[in-house]
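# Residue-level structural notes
Each chain, letter by letter, is given below.
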Amino acid sequence: MVKPTRVANNIRALRFAAGELTQAELAARVGVTRQTIIAIEQGKYSPSLEVAFQIAHALDARLDDVFSYPTSAPTTATSTRPSTPSPTTPSGDLS
């Protein structure tokens, strides 16, 4: 079983914003198969960096407008390091 990618994309929305560009038309512009575009849109496949740039160019969009990678939030809100007053804060006065 293939593990889905964590890379998110806005290809479908950008295709429609570009005059309802079909998956086949986008694939032809990029030089890949329609099945590749489908797999990328569905998050089942991460494109190479070169293909990602080609998709962005074909959609007349910036790479980071087409693709994004979620950042992981910290698992805990507290730090394991002991807190120390900063040098600019007077000792004992943390308000």
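Residues numbered from 1 in each chain as written. Predicted model: local features only at pLDDT ≥ 70, side-chain atom pairs only at ≥ 80, totals over all residues. Heavy atoms only, no water.

### Regarding the overall build of the protein chain
Stated formally: For helices the rule is a DSSP run of H or I covering at least 4 residues; for strands it is a run of E covering at least 2, with both sets numbered from the N terminus onward. Throughout this description, buried means an accessible area under 20% of the type-specific maximum (1.4 Å probe, protein chains only), exposed means over 50%, and partly exposed covers the range between. Contacts: residue pairs with any heavy atoms within 4.5 Å of one another. Using the Shrake-Rupley algorithm and a 1.4 Å probe, accessible areas are obtained, with residue cover drawn only from the displayed protein chains.
For the protein chain, the count of helices and strands is 5 helices and 2 strands. Going from the N terminus to the C terminus, the protein chain shows its helices and strands as β-α-α-α-α-α-β. Relative to its 95 residues, the protein chain shows a buried fraction of 24%. For the protein chain, the proportion of contacts with a sequence separation of at least 24, taken over those separated by at least 6, is 57%. Accessible area of the protein chain: about 7,300 Å², with a carbon and sulfur share of 55%.

### Focus: the nonpolar core
For clarity, the cut-off: Only buried residues count toward a nonpolar core, which is a set of Ala, Val, Leu, Ile, Met, Phe, Trp, Tyr and Cys residues joined through side-chain atoms within 4.5 Å.
Formed by 15 residues in total, the largest nonpolar core has its most connected members in Ile11, Leu26, Ile55 and Phe67. Put simply, the parts of the chain that give this core at least two residues each are helix 2 (23-30), helix 3 (34-41) and helix 4 (49-58). Residue contributions to this core peak at 5 residues, all from helix 4. When sequence neighbours within four positions are dropped, the list of residues in contact with Phe67 reads Val7, Ala8, Asn9, Ile11, Ile40, Pro47, Ala52 and Ile55.

### Notes on the packing of helix 2 against helix 4
This is how it is decided: Lines fitted to the C-alpha atoms define the axes, with helices restricted to the stretch that makes contact. Angles between their N-to-C directions range from 0 to 180 degrees. Oblique is the label for any angle not covered by the other classes, which are roughly parallel (under 35 degrees), roughly antiparallel (over 145) and roughly perpendicular (65 to 115). For a crossing to be left-handed, the near helix must be turned anticlockwise from the far one by less than a right angle; the clockwise case is right-handed.
Contact geometry for helix 2 and helix 4: axes closest at 9 Å, N-to-C directions at 120 degrees. Considering their axes alone, helix 2 and helix 4 lie oblique with respect to each other. As for the relative orientation of helix 2 and helix 4, their crossing is right-handed in sense. Contacts between helix 2 and helix 4 involve Leu26, Arg29 and Val30 from the former and Val51, Gln54, Ile55 and Ala58 from the latter.

### So, unusual backbone geometry
Within the chain, Glu20 stands out as a residue other than glycine whose phi angle is a positive 55 degrees. Within the secondary structure layout, Glu20 lies in the loop between helix 1 (11-17) and helix 2. Its identity as a non-glycine residue notwithstanding, Asp60 has a phi of 55 degrees, on the positive side. With respect to the element layout, Asp60 can be found in the loop between helix 4 and helix 5 (63-66). Asp60 sits in the exposed class, given a relative accessible area of 74%.

### Let's talk about the pattern of salt bridges
Rules: One speaks of a salt bridge when a side-chain nitrogen belonging to Lys or Arg is within 4 Å of a carboxyl oxygen belonging to Asp or Glu.
Considering all chains together, one arrives at 3 salt bridges under this definition. A salt bridge links Arg15 to Glu41; the nearest nitrogen and oxygen atoms lie 2.5 Å apart. You can see Arg15 sitting in helix 1 and its partner Glu41 sitting in helix 3, a full 26 residues away along the chain. In this structure Glu41 comes out as buried when scored by relative accessible area, which is 17%.

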